[in-house]
Amino acid sequence: MSDTIAINDKISIERVGDVALIRIDNPPVNATGQAVRQGLQDAITQINAEGTAKAVAIYAAGRTFVAGADIREFGKPFVPPALPDVFNIIEASAIPVISVLHGTALGGGLELGLSTHARIGIEGLRVGLPEILLGLLPGAGGTQRMPRLTGVPFALEMILSGRQVPAKEALEAGIIDRLESGDPREVALKAAQDVIAGTLKTRRTDQIAVVPDQAALDQTAAHLKKTQSHLYSPHKCVEAVAAAVLPMAEGLKIERAAFMDCMNTPQRAGLIHAFFGERAVSNIPEAKGPARDITHVGVIGGGTMGSGIATACLLAGLRVTLVEVAQDGLDRGIATITGNLDGAVKRGKLKADKRDSTLAMLTTSLDMGALADVDLVIEAVFEDMGVKKDIFGKLDAICKPGAILASNTSYLDINEIAAVTSRPQDVIGLHFFSPAHVMRLLEIVVADKTAPDVVASGFALAKKLGKVGVRAGVCDGFIGNRILAHYSKTASYLVLDGATPQQVDSALEGFGFAMGPHKVGDLAGLDIGWMTRKRKAATRDPKERYAGAVADRICEEGWFGRKTGKGYYVYEGKDITPNLAVDRFIAEEREKAGITPRPFTDQEIVDRYMTAMISEAARVVEDGTARRPLDVDMVFLFGYGFPRHRGGPLHYADTIGAAALVARIKDYAKEDATYWQVPALLEKMAANGTSFADMNKEA
Ligand code: CAA
């Protein structure tokens, strides 16, 4: 006999004999919002007050156990009860309470499990404490209970990486007590009956002593100081785990204080913007319509880009036909793809026993006729409009009706390419970022005549490839490269005016970029920018200050960066040192231009660089190239190594404010009124007192 009562609309109690089953039902991911917290507290209190049940089992409905605290509540006024208090009540329950975890038990969800007296995992479970990825720390007992179960080193690694631990490892580490298969309710009922029968042991986590490990704490703290000094929450995590040697109540107090400190940082706000932005960016009507079936992809061009795109498609289980003009190009492409797949096996992205069957999904040809049956072609040859037009003309004749014809161009006009075909509705830009099988950004460039189901197919492809699809309009450089082309000039101006390339790099690395712009230039190859400057020389605005003087001098020496051993830096083995010849070029170029160098602080470097980036980003939003400010943010987070904890250029812009930005640009414009112009959108925002976040909400 069983009977069920609802505690509220998220929590219910079902009685089956001596067992009380608490069910959490809060779709989509059973996050512990206020009603779940309140319901759990009330359910445990009620069951204990009645005293009739001999065992309690908590499980969740739907595709997953609890995915953590409800992130949407962060930053809003708090409504009790607090999660740690609810978990303390569960842990203190006189009647044994167990939990059954399925899907993912993350953050507050796993912490709920840790507060119960035994945990059963269901096959396929993954557990994790991903709070660090949101600029937080496990603030509902995770830093105190995890070390008690697994020891300090494992707990530290889990908390600091935020990684999801597979079920088997969780069992071995002592996080879960049993691993079973089946329906969560059935497993919960059986496990609770085992508790009553004495065949499943229960214990309170707060009564397990932590094995002290000061050496692990010290080592970790020292490592973080060296590698993550610009981040806030990792250091707080270590502080909280260190407190686990104290009695539970004291440790929990220290954890709570550290959690609240993290909650109040802009880093937390930036990381949560990134979390929701990643989901919102492709949550647009155009992405949701009917899409065309894509199972077989043609890739034209076996260079780094084409091979990377082919690899990404193969890894997603798609058939790929790679086409090149000459056998040596094809051989190089096959070698690159094979190497990429081997790398994917090494990184754990592809199972070793799937490597050969994945490679077998690749066919190659020197004849474009081989593309007659593909569902999608992605052209990835070099950036020459004439060559691209020729290819698209041929594709028009070869490809089956309804095939999608895409270009991976980084800046060329998709409308012009589409116009050479008799089916411009099937033509789209799919702009991947190198290495294409690793970088998660895919700009989906919608031309004037691109059909809605072709746009939706672009988004479906992004999802299939595990990428973040961002809608972009047609213009030179689309969203990312157009903004990059503008702000990268600032780095050159700063050097001409008195900073060193090394100072610019280190200032921006201090801001959070993994590499400063000169190091990135050396890595990407300085010849790329050199070619672009030559291509644009004839159309350059004569009023605009030339930014390429120093880079041109470096390239004229045949120094293209890392690949030639020299660029802004000299590369010898693992050693990277400044290229002293560049200092001479800088001095000579300053003299030629009549510049008296002046000192820059790191802050001024960051301010100028970021203001330039924000200015062009504002124009990109204003003219509709990007749908919303958050679209620009996601492009930079997933394609340009923008520091995630800053949320993206326009989230960061809000932390400065439109009025302050306008004032800054006007100030810089006193030196150079051509480059520093106030975007109309920023001017309007400053006048109305609005933010980019407001625009995201309205869109
Ligand atoms: N709070 C609120 N909403 C959440 C959420 C959360 N913790 N986790 C996911 N969602 C929402 C998503 O925004 C998405 O909403 P839309 O459909 O409106 O876009 C929806 O749930 C489904 O999420 P996904 O699209 O990501 O679904 P998925 O199946 O690909 O992944 C998941 C599911 C693995 C649980 C993933 O959503 C995830 O990693 N969530 C975040 C988990 C997390 O960081 N938890 C820690 C929270 S902080 C905490 O718990 C603090 C503490 O110590 C007390």
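Every value quoted in this text rests on a predicted model; they were computed, and no experiment measured them. (Residues numbered from 1 in each chain as written. Predicted model: local features only at pLDDT ≥ 70, side-chain atom pairs only at ≥ 80, totals over all residues. Heavy atoms only, no water.)

Student: Could you clarify how one ought to interpret the pattern of salt bridges in this entry?
Tutor: Once their charged atoms are close, side chains differing in charge can pair, the charge on each being opposite to the other. Following the criterion strictly, the structure yields 51 salt bridges and no others. Close ionic contact of Lys 394 with Asp 390 constitutes a salt bridge, the shortest N to O distance being 3.1 Å. One end of the pair is Lys 394 and the other is Asp 390, both in helix 16 (residues 385-398) and four residues apart, which spans about a single turn. Accessibility expressed as a relative area gives 40% for Lys 394, which makes it partly exposed. Put simply, Glu 588 and Arg 584 hold a salt bridge, and the shortest N to O gap is 3.8 Å. Within this pair, Glu 588 and its partner Arg 584 are both found in helix 24 (residues 580-593), separated by four residues, close to a single helical turn. Note on Glu 588: relative accessible area 31%, which makes it partly exposed. Each of Arg 553, Arg 584, Glu 588, Glu 589 and Lys 592 takes part in a single network of salt bridges with overlapping partners. (Salt bridge = Lys/Arg side-chain N within 4 Å of Asp/Glu carboxyl O. Helix = DSSP H or I, 4+ residues; strand = E, 2+ residues; numbered from the N terminus. Buried < 20%, exposed > 50% of the residue type's maximum accessible area, 1.4 Å probe, protein only.)

Student: Before we go on, may I ask you to explain the site of the ligand in this structure?
Tutor: For the ligand, the set of nearby residues contains 27 residues, the closest of which are Arg 63, Ala 67, Ala 69, Glu 131 and Arg 279. Between the ligand and the protein, one listed contact pairs an oxygen atom with a side-chain N or O atom of Arg 63 at 2.5 Å. Contact between the ligand and Gly 108: an oxygen atom at 2.8 Å from a main-chain N or O atom of the residue. Burial of the ligand by the protein amounts to 74% of the accessible area it has alone, namely 990 Å². Those elements that provide at least two residues to the shell around the ligand are strand 6 (104-106), helix 3 (108-115) and helix 11 (266-280). In terms of residue count, helix 11 provides more of the shell around the ligand than any other element does, three residues in total. Of the residues that constitute the shell around the ligand, the class distribution is 16 nonpolar, five polar and six charged. (Near = heavy atom within 4 Å. Polar contact = N/O pair within 3.5 Å; in protein donor to acceptor, adjacent residues only side chain to side chain. Areas by Shrake-Rupley, 256 points an atom, 1.4 Å probe, with all protein chains shown as cover. Nonpolar A, V, L, I, M, F, W, Y, C, P; charged D, E, K, R; others polar.)

Student: When you look at the nonpolar core in this model, what are you seeing that I'm missing?
Tutor: General note: in soluble globular proteins, nonpolar side chains tend to be found buried as a group. Membership of the largest hydrophobic core comes to 95 residues, with the highest contact counts inside it found for Leu 395, Ile 479, Ile 483, Met 610, Met 613, Val 632 and Phe 636. When residues of this core are assigned to their parent elements, the largest contribution, 11 residues, is made by helix 25 (residues 602-622). Residue assignment places this core across two domains, with domain 2 (295-475) and domain 3 (481-698) each supplying three or more. Beyond its immediate chain neighbours, meaning those up to four positions away, Phe 636 contacts Gly 480, Ile 483, Tyr 487, Met 613, Gly 641, Phe 642 and Pro 649. By size, the runner-up hydrophobic cluster in this structure holds 64 residues, among which are Ile 95, Ala 170, Cys 262 and Ile 272. (Core = buried A, V, L, I, M, F, W, Y, C linked by side-chain atoms within 4.5 Å. Domains from an automatic or database assignment. Contact = heavy atoms within 4.5 Å.)

Student: Looking at this structure, how should I read the sheet that holds strand 9 (residues 164-166)?
Tutor: Consider a sheet: its strands pair through backbone hydrogen bonds, and that pairing is either parallel or antiparallel. Here we have three strands laid out as an open sheet, ordered 6-8-9, and mixed in their pairing. The open sheet has two edge strands with one neighbour each: strand 6 and strand 9. For this sheet, the mean angle separating the axes of adjacent strands, direction not counted, is 20 degrees. The sheet contacts of helix 3 involve strand 6 and strand 8 (126-128), and relative to strand 6 the element is tilted by about 90 degrees. (Pairing = 2+ DSSP bridges. Axes fitted to C-alpha atoms, helices over the stretch in contact; angles between N-to-C directions.)

Student: Can you help me understand unusual backbone geometry in this one?
Tutor: Glycine aside, negative phi is the norm for most residues, and most peptide bonds take the trans geometry. With an omega of 5 degrees, the peptide bond running from Pro 27 to Pro 28 counts as cis. For Pro 28, the location among the structural elements is in the loop between strand 3 (19-24) and helix 1 (34-50). With omega at 5 degrees, the peptide bond leading from Pro 80 into Pro 81 counts as cis. The phi torsion at Phe 478 lies on the positive side, around 55 degrees, for a residue other than glycine. By relative accessible area, which is 0% here, Phe 478 ends up buried.

Student: Help me out: how do you make sense of the sheet that holds strand 11 (residues 296-300) in this one?
Tutor: Across the sheet, which stays open at both edges, the eight strands sit in the order 13-12-11-14-15-16-17-18 with mixed pairing between neighbours. Looking at strand neighbours, the two that pair on one side only are strand 13 (362-365) and strand 18 (468-473), the edges of this open sheet. Here the average twist between neighbouring strands, direction ignored, is 25 degrees. Here strand 17 (residues 441-446) runs beside strand 18; their pairing, made up of six bridges, is parallel. The residue bridging Val 446 from the neighbouring strand is Gly 473, located in strand 18. In the packing of helix 13 (residues 304-315) onto the sheet, contacts are made with strand 11, strand 12 (319-323), strand 13, strand 14 (376-379) and strand 16 (427-432), and the angle to strand 11 comes to roughly 170 degrees.

Student: Help me understand the side chain of Thr 220 in this model?
Tutor: Considering the arrangement of structural elements, one finds Thr 220 in helix 8 (residues 214-227). A polar atom in the side chain of Thr 220 sits 2.6 Å from the backbone oxygen of Ala 216. Setting aside residues no more than four positions away along its own chain, Thr 220 makes contact with Leu 156, Leu 160 and Val 238.

Student: Is there a simple way to think about the packing of helix 25 against helix 28 (residues 658-669) in this case?
Tutor: Two quantities define a packed helix pair, namely the angle between the axes and the distance from one axis to the other. Their axes nearest at 11 Å, the elements helix 25 and helix 28 cross at an angle of 110 degrees. By the criterion of interaxial angle, the relationship of helix 25 to helix 28 is roughly perpendicular. Contacts between helix 25 and helix 28 involve Asp 607, Arg 608, Thr 611, Ile 614 and Ser 615 from the first element and Leu 661, Arg 664, Ile 665 and Tyr 668 from the second. Residue composition of the contact of helix 25 with helix 28, by class: four nonpolar, two polar and three charged. (Parallel < 35°, antiparallel > 145°, perpendicular 65-115°, else oblique.)

Student: Got a minute to help me understand the packing of helix 26 (residues 629-639) against helix 27 (residues 649-656) in this structure?
Tutor: Packing of helix 26 against helix 27 leaves a shortest axis separation of 7 Å and a crossing angle of 115 degrees. Contacts from Pro 629, Val 632, Asp 633 and Phe 636 of helix 26 reach helix 27 at Pro 649, Leu 650 and His 651.

Student: I tried to follow the UniProt feature "domain: 3-hydroxyacyl-CoA dehydrogenase C-terminal" (unreviewed entry) in the protein on my own but got confused; where do I start?
Tutor: Within the UniProt annotation, "domain: 3-hydroxyacyl-CoA dehydrogenase C-terminal" (unreviewed entry) is assigned to residues 477-571 and 605-689. Across residues 477-571 one finds 59% helix and 3% strand; the C-alpha atoms that close the span lie 30 Å apart. Structurally, residues 605-689 comprises 68% helix and 0% strand, and the distance from its first C-alpha atom to its last is 26 Å. (UniProt positions renumbered as here; feature names shortened; annotations may be inferred.)

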